[in-house]
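Residue-level listing of the chains:
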Amino acid sequence: MRRLLATAALGSALVLGFTGCGTESPPSGSTPPGNTSTTATAEDMLAATNAACNQAVSMSSDFAAGFERDANLLFAEADEEVAAQVPVENFEAQMRAWSATLTSLATGPIEEDLRTTLAESKTAIEAATEVGDTAFTDEQIAAVTAVPENLRAVCQ
């Protein structure tokens, strides 16, 4: 009798297992949990690129204007009181935040030319982040203030 009950229980379990009783199948066209796609579609890439462009150009325009103003004030030789209006720590923190945001935007599924421009922009910003005893060079200032225009050019 025990064999008969065990066989019946095993048979029932197998039948229920094969029919999927108690489970719902995922809707067609969706990815089952735990099985994520690593390939971005062309639409995803275009949307991510556009979003990254909008954010990068907007914030870079603001940061570049602030950079140029503050870089000149930091080394105002004629007036130490004017130079003191720009705390070095705040300036450096803003530059690091700008660089970090561009780095973050470059990690998404975006077009390669935007990724390259973001990396180049980050490098220019980092080169002008640390305030030393001497003023930034004209090349450093030009590289940082050109960031928004470089991004606009690649984003059009």
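As a starting point, this report considers the structure included with it. What you see is a predicted model, and the numbers here were worked out from it, not measured in a lab. (Residues numbered from 1 in each chain as written. Predicted model: local features only at pLDDT ≥ 70, side-chain atom pairs only at ≥ 80, totals over all residues. Heavy atoms only, no water.)

1. Some details on the overall build of the protein chain
To be explicit about the condition: Here a strand is any run of E in DSSP of at least two residues, a helix any run of H or I of at least four, and the numbering for each starts at the N terminus. For each residue, the accessible area found with a 1.4 Å probe, counting protein chains only, is set against the maximum for its type, and the residue is called buried under 20%, exposed over 50%, and partly exposed in between. Here, residues are in contact when the closest pair of their heavy atoms is within 4.5 Å. Values of accessible area rely on a 1.4 Å probe in the Shrake-Rupley scheme; residue burial ignores everything except the protein chains shown.
Tallying secondary structure elements over the protein chain gives seven helices and zero strands in all. Listing every helix and strand of the protein chain by position from the N terminus yields α-α-α-α-α-α-α. Classification of the 156 residues of the protein chain by burial places 26% in the buried group. Within the protein chain, contacts between residues at least 6 apart in sequence are counted, and of these 72% link residues at least 24 apart. For the protein chain, the accessible area works out to roughly 10400 Å², and carbon and sulfur atoms hold 55% of it.

2. Details of the nonpolar core
Cut-off, in case you're wondering: As used in this record, nonpolar core signifies buried Ala, Val, Leu, Ile, Met, Phe, Trp, Tyr and Cys residues forming a set joined through side-chain atoms within 4.5 Å.
Grouped together as the largest cluster of nonpolar side chains are 28 residues, with contacts concentrated most on F67, M95, W98, L114, L118 and F136. Every element with two or more residues in this core is listed here: α2 (42-74), α4 (88-105), α5 (112-127), α6 (138-145) and α7 (147-155). At ten residues, α2 tops the list of elements feeding residues into this core. Look past the residues within four positions of F136 in its chain and what remains in contact with it is F67, A71, F75, F91, A128, E130, V131 and I141.

3. Side note on the pattern of salt bridges
Just so we agree on the cut-off: In what follows, salt bridge is the name for a side-chain nitrogen of Lys or Arg lying within 4 Å of a carboxyl oxygen of Asp or Glu.
The final tally for this structure, using the stated rule, is five salt bridges. Where E130 meets R96, a salt bridge forms, and the shortest distance between an N and an O atom there is 3.3 Å. Here the residue E130 occupies a position in the loop between α5 and α6, and R96 occupies one in helix α4, the gap between them amounting to 34 residues. Under the relative-accessibility criterion, E130 is labelled exposed at 52%. Residue R96 is classed as partly exposed on the basis of its relative accessible area, which comes to 43%. Ionic pairing is found between E112 and R115, a salt bridge with its closest N-O pair at 3.4 Å.

4. Description of the state of the cysteines
This is how the line gets drawn: In what follows, a disulfide is any cysteine sulfur pair within 2.5 Å.
A complete count under the given rule lists one disulfide for this structure. Here C53 pairs with C155 through a disulfide, and the sulfurs are 2.0 Å apart. The chirality of the disulfide connecting C53 with C155 is left-handed, given an S-S dihedral of about -90°. Remark: C155 occurs in helix α7 and C53 occurs in helix α2; sequence separation between them is 102 residues. C155 gets classed as partly exposed once you look at its relative accessible area, which sits at 23%.

5. Description of the packing of α4 against α5
A packed helix pair is summarised by two numbers, namely the angle formed by the two axes and the spacing between the axes. Which entries qualify depends on this criterion: Geometry is summarised by axes, namely lines fitted to C-alpha atoms with helices restricted to the contacting stretch, and by angles between N-to-C directions that run from 0 to 180 degrees. When an angle is under 35 degrees it counts as roughly parallel; over 145 it counts as roughly antiparallel; between 65 and 115 it counts as roughly perpendicular; any other value is oblique. For a crossing to be left-handed, the near helix must be turned anticlockwise from the far one by less than a right angle; the clockwise case is right-handed. Lys, Arg, Asp and Glu make up the charged group, whereas Ala, Val, Leu, Ile, Met, Phe, Trp, Tyr, Cys and Pro make up the nonpolar group; the residues left over, Gly among them, are polar.
For the pair α4 and α5, interaxial distance at closest approach is 9 Å and the crossing angle is 165°. Compared by their axis directions, α4 and α5 come out roughly antiparallel. Between α4 and α5 lies a crossing whose hand is left-handed. Contact residues: M95, W98, S99, L102, T103 and L105 in α4; L118, S121, K122, I125 and E126 in α5. Considering only residue class, the contact of α4 with α5 consists of six nonpolar, three polar and two charged.

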